[in-house]
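As a plain string of letters, each chain reads:
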Amino acid sequence: MIEEIITSGRMNPEIDPVLHVWGWEIPFYLFLGGLAAGILIFSAYFTLRGRQDELPIAVKWMPLSVPFLIGIGLISLLLDLSHILYAWQLFTNIRWESPMSWGAWTLLIITPLSIAWIAIWMEDIFPKWDWKFDEVKTVVKWLKEQRRILAQILILLSIILGMYTGILLSAFNARPFWNTSILGPLFLTSGLSASAALIAYFSKTELEKRLFTRIDIILIGIELFMIVHLFMGHLAGTQVHIQAAQMFLGGAYTVPFWTFVVGLGLLLPVSLELLELKHKFIPAIVPVVLIIAGNLALRFIVVSAGQASRWLY
Amino acid sequence: MRYAMAVDTQKCVGCNDCVVACQTENDVPIGHCRDWIVEVTTGTYPDLGLEIRSERCNHCANAPCVRTCPTEASHYAAGGIVLVEEDECIGCKACITSCPYDARFIHPEGYVDKCTFCIHRVEKGQNPACVSVCPTHAMIFGNLDDPNSDISKAMATRKWKSLIPEAGTEPKVFYLL
Ligand code: SF4
Ligand code: SF4
C-alpha cells in the first residue's frame, strides 16, 4: 500500500515544509550555558575538596569567564525571541512546567552568585587588587566565610543549568528525536568535558594539566556511552523514534554527526589526550579546539535534527 | 463547557473555503494560515482510497504548547479553547516546537498565532467562520458537555478518530469516518 499525503493550503514560513524555528541562537545558548555550568562545577567542587591552591586555573581563574559566557548566552537567547519587546514577561512569570521558564530563572540566580564567587578569588589572582570601599570589603569578607555554602549552592544550580540545556529539548514530545531523557545528562557531561579541556589547556602546572586531561578522558568515555544509549533507546522505541534515529543511521544527519561530533569531536581528541598522558608531544591547542567544535556541533545537530523529526499521521 | 469540532471526512471535498474564510475573518497575514487541507491517498492504482481533512489547532485538553510556554501567553480560555495572548508572548517558539501538529506560526509582528476557534464569534453564539461557510456542511462545532448538541450526537452515532492521540494531547478536533 502506498500512502501519499498532500498538504494544500499550508506553507507557513519556518514551519513548512520542515520546521526550523530555532536557528543558531538556541544551540549557541545551550553550548554557553553548558560551558558555564561545567566551569562552575569544577571550581566549586575542588574548593570543597580544599585544592584551590593546587588547582588555581580551575578554581580561581576560569570562573572569571562565567558572567561573560552567561551574558553572551542570554544575548543570543534574546536574539532568538521574535517578540523581543515583551521579553520581560519571562521574569514576571514562574512556570515550573516550562523548562524555558525555569532555565531563565536559574540563569538569573546563577549570574550574581557567579560574580560573588569571582569576588572571593579576586585578591588571590590579582595580589594588588583593592576593593576600595569598606562596605565592599566587608561583603567580600563575609562571602569568603560562606565559601563552602556558596560552593554547594553553585554545584547544585550548575548541575540544574547543565541538565537544563538538554531538558529544554527533551521536554518536547512533539519532536521524537529530542524526546529522550538522556539529553539532559548528555549535555551536562559534554559541557563538563569542554570546560575540563579548557582548564587543561590553560593550566600552568603539570599536576593540573594531567588531572584535567584525565577527567576529560573519563567524561568523553561517558559521553560516548550515552550517545550509544540514546540510539539504543530510540531504536527500541515507537515507529516515530525509530525513524528519528534513522536520520543518524543512514539518513541526512549521518555524515555530519558521526564525522564532526563523534569522530572529530570525541574520538580524535580523546586519543590525543591519551597520547598526551603518555608524554607524547601533542600541541595543546589541538584537542581543546576539537572538543569545543564537537560540543558546538553536537548542539547544532541535535537542535536541527529534532526539528526535522516528527510524528506521522 | 467543552468546545470541540467534528469534521466529516465523508463530506469534505477539499474546496479550501474554510481556509479562505478564516484568512478573511481573522485577518491572517498573507502567506500564513490557521487552517489547511490535507488529502491522503491510500492504495495502489486502480484501488485507491481518499480521505480529505480540514485541519487546524486541535485545542488539546492536555496541550503541550500551554505547558511549555514560559510566560502565560498560551493558555486555556473559556470552554477549553487554547489561545495566545499577544502581549504576553515573547516569541520564544517553545510552543511551536511543542505542537505535534505544527498548528502554530509566527505572526509577522513577532508573536505566535494560531486558530482561536473564532472565540469572538463563539462568544456571540455563532459558529466559527470555517464552519459557517462550509458548502457541504462538513463541520460541526459545539459543546461536548451537552449531550443534545449536534457534535455530541454525531460523536455518539458515528465512527470517528482524532489525530495522533498517542502523543497524549487529548485533541478536541475529531474526524468522522
Ligand atoms: S494542536 Fe498544537 S497548538 Fe493546538 S492546542 Fe494542541 S498542541 Fe497546542
Ligand atoms: S512563543 Fe509565545 S506563546 Fe509560544 S511559548 Fe513562547 S511566549 Fe509562549
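None of these values were measured; they are calculated from a predicted model. (Residues numbered from 1 in each chain as written. Chains lettered and ligands numbered in written order. Predicted model: local features only at pLDDT ≥ 70, side-chain atom pairs only at ≥ 80, totals over all residues. Heavy atoms only, no water.)

(A) Main features of the packing of helix α4 (residues 99-125) of chain A against helix α5 (residues 134-145) of chain A. Residues and elements named next belong to chain A. α5 packs onto α4 with a crossing angle of 100° between their chain directions and a minimal axis gap of 9 Å. The angle between α4 and α5 places the two elements in the roughly perpendicular class. For the pair formed by α4 and α5, the contact residues are Ala-116, Ala-119, Ile-120 and Glu-123 on the first element and Val-140, Leu-143 and Lys-144 on the second. Of the residues contributing to the contact of α4 with α5, the split by class is five nonpolar, no polar and two charged. (Axes fitted to C-alpha atoms, helices over the stretch in contact; angles between N-to-C directions. Helix = DSSP H or I, 4+ residues; strand = E, 2+ residues; numbered from the N terminus. Parallel < 35°, antiparallel > 145°, perpendicular 65-115°, else oblique. Contact = heavy atoms within 4.5 Å. Nonpolar A, V, L, I, M, F, W, Y, C, P; charged D, E, K, R; others polar.)

(B) Broad picture of a nonpolar patch on the surface. All names here are of chain A. A cluster of nonpolar side chains, Tyr-201, Phe-202, Ile-285, Val-286 and Val-289, forms an exposed patch at the surface whose accessible area comes to about 400 Å². Residue assignment for the nonpolar patch shows that the elements contributing at least two residues are α7 (183-202) and α11 (285-308). Counting residues per element, the nonpolar patch draws most heavily on α11, at three residues. Structurally, Val-289 is set in helix α11. You can call Val-289 partly exposed: its relative accessible area is 47%. (Patch = residues over 30% accessible without salt bridge, like charges linked within 9 Å, V, L, I, M, F, W, Y side chains within 5 Å. Areas by Shrake-Rupley, 256 points an atom, 1.4 Å probe, with all protein chains shown as cover. Salt bridge = Lys/Arg side-chain N within 4 Å of Asp/Glu carboxyl O. Buried < 20%, exposed > 50% of the residue type's maximum accessible area, 1.4 Å probe, protein only.)

(C) Representation of the packing of helix α1 (residues 25-48) of chain A against α4 of chain A in the model. Residue and element names in this part refer to chain A. Contact pair α1 / α4: the axes reach a minimum separation of 12 Å and the direction vectors enclose 45°. Here α1 lies oblique to α4, going by the angle between them. The two elements α1 and α4 meet at a crossing, and its hand is left-handed. The residues of α4 that touch α1, namely those facing Tyr-29, Leu-40, Ser-43, Ala-44 and Thr-47, are Leu-107, Ile-110, Ser-114, Trp-117 and Trp-121. Of the residues belonging to the contact of α1 with α4, the class tally is seven nonpolar, three polar and no charged. (Left-handed = near helix turned anticlockwise from the far one by under 90°.)

(D) Main features of a negative patch on the surface. Residues Glu-85, Glu-86, Asp-87 and Glu-109 of chain B make up a contiguous surface patch of negative charge. When you line up the elements, Glu-109 of chain B lands in the loop between β6 (105-106) and β7 (112-113). (Lys, Arg positive; Asp, Glu negative; His and termini not counted. Charge placed at Lys NZ, Arg CZ, Asp CG, Glu CD.)

(E) Spatial organisation of the confidence of the model for chain A. On average, residues of chain A score 95 in pLDDT, and 97% of them reach the 70 mark or higher. Highest mean pLDDT in chain A belongs to α7 of chain A (98); lowest belongs to strand β1 (residues 3-8) of chain A (59). (pLDDT = per-residue confidence, 0-100.)

(F) The arrangement of the sheet that holds strand β8 (residues 139-143) of chain B in detail. Residue and element names in this part refer to chain B. A sheet is described by the order of its strands in space; here four strands give the open sequence β8-β1-β10-β9, paired in mixed fashion. Every other strand in the sheet has two partners, leaving β8 and β9 (160-161) as the edge strands with one partner each. The pairing of β9 with strand β10 (residues 173-176) spans two bridges and is classified as antiparallel. For Trp-160, the partnering residue across the bridge sits in β10 and is Leu-176. Contacts from helix α6 (residues 150-157) reach β1 (3-8), β8, β9 and β10 within the one sheet, and its direction differs from that of β8 by about 115°. (Pairing = 2+ DSSP bridges.)

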